[in-house]
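# Descriptive analysis of the structure
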Amino acid sequence: YPIYAQQGYTNPRAANGRIACANCHLAEKPVQIESPKAVLPNKVFEAAVKIPYSKDAKQILGNGQLSGLNVGAVVILPEGFKLAPNNLISKEIKEKSKGVFISPYSATQENILVVGPIAGDTHQEIIFPVLSPDPATNKKINFLKYPIYVGANRGRGQIYPTGEKSNNNIVTSSFEGQVIDIQTLAKGETEVTMVNSKGNETKQNIPKGLSVVVSKKDNIKLDQPLTKDPNVGGFGQTDVEIVLQDPSRVVGFIIFAFSVLFTQIFFVIKKKQFEKVQAAELKF
Ligand code: HEM
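Notes on the structure in this doc start here. (Residues numbered from 1 in each chain as written. Predicted model: local features only at pLDDT ≥ 70, side-chain atom pairs only at ≥ 80, totals over all residues. Heavy atoms only, no water.)

## Regarding the pattern of salt bridges
One pass over the structure, following the stated rule, counts five salt bridges. We note a salt bridge from glutamate 34 to lysine 50, for which the minimum N-O separation is 2.9 Å. One end of the pair, glutamate 34, is in strand 1 (residues 32-34); the other, lysine 50, is in strand 3 (residues 44-50), and 16 residues separate them in sequence. Residue lysine 50 is classed as partly exposed on the basis of its relative accessible area, which comes to 22%. A salt bridge links glutamate 95 to lysine 98; the nearest nitrogen and oxygen atoms lie 3.4 Å apart. Lysine 98 shares its class with glutamate 95; the two are exposed. Put simply, Glu34, Lys50 and Glu125 are held in one network by salt bridges that share partners. (Salt bridge = Lys/Arg side-chain N within 4 Å of Asp/Glu carboxyl O. Helix = DSSP H or I, 4+ residues; strand = E, 2+ residues; numbered from the N terminus. Buried < 20%, exposed > 50% of the residue type's maximum accessible area, 1.4 Å probe, protein only.)

Shown next, in the form of structure tokens:
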């Protein structure tokens, strides 16, 4: 959950660019972010994060039952950018984002936004309304090109903050030997009994809900998978660039572009005039 990252990491993006969620959500899955190429200061814009997965996908819950997936995301905006205040968000976006609660990563990091867990089937696209900063009022901000980093996840993680593994993991054999018995226990767990070459018996329990892929008489090596990988989710990260654009630069460029256009037109007119003079001179 994003809260695990908030509690465990002051900066969700490590120096090597890895986003904290990846430490516990081990599978890699795609994510996308769409945002404008450039924004003017003090304007609200939307960054849309897409977390695609098959809606048929079912994952194993903590209690071994199957259910749909939830999604969550973290968006690391440039310094000074922050979540747009409610009164500046358009009705349309509010309507689209019903039930989506976006919050700052921490009290001091308003430029990092987190969301989730929320129902994945209805939120494969999450819209972040963002307010751009104004260099006129905030001297630390400059008109520059900045990166936006995003990490987004669907499905349960593999490791708890305590370091314990979740049941959303493949179970591998902790012993070597031959399977002599596979029993389903009262609580739905599966107990695999193995005997090694010295005749020692060992038992290994497999949590409820995982599908066992070994059968009686199989010879098992150490660390060989005993179950299918139950994890249907995964985490992904990507980035985009955004230009904080100075409005006077835009005006300046328009004036420049028109000045080039008019100069070209005047050249053509001058040439036509010169040709007329040449033609007139020829007649004498
Ligand atoms: C569950 C997102 C960081 C461990 C989830 C879920 C989401 C999510 C959406 C619910 C999945 C579902 O129910 O289908 C994120 C995001 C993170 C992040 C966006 C980063 C900002 C972490 C970290 C850890 C972690 C750092 C480990 C320390 C887990 C575990 C679960 C989980 C173990 C399953 C909990 C359970 O159902 O018992 N996460 N997570 N997550 N996350 Fe994360």
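## Here we look at unusual backbone geometry
Most of the time, phi is negative for any residue but glycine, and the peptide bond is trans. With an omega dihedral of 0°, the bond running from glycine 116 to proline 117 counts as a cis peptide bond. Considering the arrangement of structural elements, one finds proline 117 in strand 9 (residues 109-119). Even without a glycine there, the phi angle at asparagine 42 is positive, about 55°. By the secondary structure assignment, asparagine 42 is in the loop between strand 2 (38-39) and strand 3. In this model, aspartate 223 sits at a positive phi of 70°, which is unusual for a non-glycine residue. By secondary structure assignment, the location of aspartate 223 is in the loop between strand 15 (219-220) and strand 16 (234-244). Aspartate 223 gets classed as exposed once you look at its relative accessible area, which sits at 52%.

## Overview of the packing of aromatic side chains
For the structure on display, the rule yields four aromatic pairs. Ring centres of phenylalanine 45 and phenylalanine 81 lie 6.2 Å apart, and the angle between their planes is 80°; this geometry places the pair in the edge-to-face category. With phenylalanine 45 in strand 3 and phenylalanine 81 in the loop between strand 6 (70-76) and strand 7 (82-83), this residue pair connects regions lying 36 residues apart in the sequence. Residue class for phenylalanine 45 comes out buried when judged on its relative accessible area of 6%. By the ring-pair criterion, three or more aromatic residues cluster together here, those being Phe45, Phe81 and Tyr146. Looking at arginine 13, its charged tip hangs above the ring of tyrosine 149, at a distance of 3.6 Å from the centre. (Phe/Tyr/Trp six-rings, centres within 6.5 Å; stacked < 30°, edge-to-face > 60°. Lys NZ or Arg CZ within 6 Å of the ring centre and 35° of its normal.)

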